[in-house]
Amino acid sequence: MTTDIVYLNGEFMPLAEARVPVLDRGFIFGDGVYEVVPVYSRNPFRLGEHLQRLQRSLDGIRLANPLRDEEWTKLILEIVARNSGEDQAVYFQVTRGVAPRAHEFPSAAKPTVFLMSNVMKTPPREQVDNGVPCITSNDFRWLKCDIKSVSLLGNCLAKQLAVDAGAVEAVMFRDGYLTEASASNVFVVRNGVLLAPPKNHLILPGITYDVVLELAHANRIPVETREIPEQEVKTAQEIWVTSSTKEVLAVTSLDGRPVGDGKPGPVFRRMHALYQEFKQTVMRRAA
Ligand SMILES: Cc1ncc(COP(=O)(O)O)c(C=O)c1O
């Protein structure tokens, strides 16, 4: 993976030259928020929605947005132009800045703004065709999972449990109900109905989650947004994970047991095709 040019606090520079002081609250406290925007043919996908979610996350940690949407847009287009690859994933983060270490907010710190862009890696064909193994895990994270915080230790621990088990994601449950996975949202299909956990403080409001629900509604796939008990997930015909970089991916085994018949199901195949088609249409319009 190559990240050539990054942006840090007003300047573009090679990644190897980018430096943040050790007292940055992002480093000391994980006090910051971030976004990842997929870019297809050098056009950011759903950028407005990502910028809205950034604002929501900043509001959630009581940090003023250091840039206006037009400024973010300009920076994002510029980082895309300065890096290689037609399809990229732009990462951008804001932390509360550098200040003597004290838990309470500093009165006069300047937020740290950082952007980088990597070549976009969507799931390989093999994973799309065959699905991926996942494990289940207790959701031991905090109660503000709707904030896209850089404090991702809970998510990292869950992801590592999955990797240790040879799986791709950890599908998490809190108090017996489905929340999300360590780096993706989760959908379930039962009896032809697409089930989605509600958007609340227990999950990240995924941009891909919204796209999937929009496509389901537009194509008359029945949808229910409601709390989903663990047992309903474990006996579902289909389970999917979604994110900006994974797009829509079928989970074909959970804790070593096959999901449905162990192959990506018909509703997944339809949604995957709809998603690809939608992406192409949006990108054609943007070009
Ligand atoms: C915990 C978590 N949930 C959900 C998602 C999916 O969000 P999006 O579709 O906006 O990428 C992500 C993405 O990284 C995530 O980290």
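Residues numbered from 1 in each chain as written. Predicted model: local features only at pLDDT ≥ 70, side-chain atom pairs only at ≥ 80, totals over all residues. Heavy atoms only, no water.

**Focus: the nonpolar core**
Using the following cut-off: Throughout this description, the term nonpolar core refers to a set of buried Ala, Val, Leu, Ile, Met, Phe, Trp, Tyr and Cys residues connected via side-chain atoms within 4.5 Å. Burial classification: accessible surface area is computed with a 1.4 Å probe over protein chains only, and a residue below 20% of its type maximum counts as buried, one above 50% as exposed, and the rest as partly exposed. Runs of E in the DSSP output that reach at least two residues are strands. Runs of H or I that reach at least four are helices, and both are numbered from the N terminus. For this analysis, residues touch if any pair of their heavy atoms sits within 4.5 Å.
With 25 residues, the main nonpolar core has F187, L194, V212, I221, W240, V248 and M271 as its most contacted residues. Sorting the residues of this core by element identifies β10 (185-190), β11 (193-196), α6 (207-218), β14 (247-254) and α8 (266-286) as the ones contributing at least two each. Aside from chain neighbours lying at most four places away, what touches I221 is L194, A216, V267, R270, M271 and L274. In this structure, V37, I76, V80 and F92 belong to the second largest nonpolar core, which totals 22 residues.

**Considerations on the site of the ligand**
How we decide: Proximity criterion: a residue is near a molecule or strand once any of its heavy atoms comes within 4 Å of it. Throughout this description, a polar contact denotes any pair of N or O atoms lying within 3.5 Å of each other; where both atoms belong to protein, one of them has to be capable of donating a hydrogen while the other can accept it, and for residues adjacent in sequence the pair is counted only when both atoms sit in side chains. Shrake-Rupley sampling with a 1.4 Å probe provides the accessible areas, and residues are treated as covered by the protein chains on show and by no other component. Nonpolar residues are Ala, Val, Leu, Ile, Met, Phe, Trp, Tyr, Cys and Pro. Charged residues are Asp, Glu, Lys and Arg, and all others, Gly as well, are polar.
Residues in contact with the ligand amount to 16 residues; listed here are only the nearest, R53, E180, I207, T208 and S244. Taking I207, its main chain carries an N or O atom lying 2.9 Å from an oxygen atom of the ligand. Here the ligand, which alone exposes 390 Å², has 90% of that area covered by the protein. Secondary-structure elements contributing two or more residues to the shell around the ligand are β9 (177-181), α6 and β13 (238-243). Tallied by class, residues from the shell around the ligand come to 4 nonpolar, 9 polar and 3 charged.

**Description of the sheet that holds strand β4 (residues 43-44)**
How we decide: Two strands pair under a simple rule: DSSP has to find at least two bridges between them. Note on geometry: axes are C-alpha line fits, over the in-contact stretch for helices, and angles between N-to-C directions span 0 to 180 degrees.
Judged by pairing direction, the sheet is antiparallel, and its 6 strands sit side by side in the order β2-β1-β6-β5-β3-β4 without closing on themselves. Looking at the sheet topology across the chains shown, the edges are occupied by β2 (11-14) and β4. Two elements, strand β3 (residues 32-40) and β4, share 2 bridges in a ladder whose sense is antiparallel. Bridging from a neighbouring strand, V39 pairs with P44 of β4. Helix α3 (residues 69-82) rests against β1 (5-8), β2, β3, β4, β5 (88-95) and β6 (112-119) of the sheet, and its axis sits at about 135 degrees to β5.

**Some details on the packing of aromatic side chains**
Basically, it comes down to this: By convention, a stacked pair of Phe, Tyr or Trp rings (six-membered ring in the case of Trp) has centres within 6.5 Å and planes under 30 degrees apart, an edge-to-face pair has planes over 60 apart, and any other such pair is tilted.
Tallying each qualifying case throughout the model produces 9 aromatic pairs. Seen from their ring centres, Y40 and F45 are 5.7 Å apart, and the 75 degrees between their planes marks the pair as edge-to-face. Assigned by exposure class, Y40 and F45 land together as buried. With 6.3 Å between their ring centres and 70 degrees between their planes, W240 and F268 make a pair best called edge-to-face. With W240 in strand β13 and F268 in helix α8, this pair connects stretches of sequence that are 28 residues apart. What makes W240 buried here is its relative accessible area of 0%. The class of F268 is buried, set by a relative accessible area of 2%.

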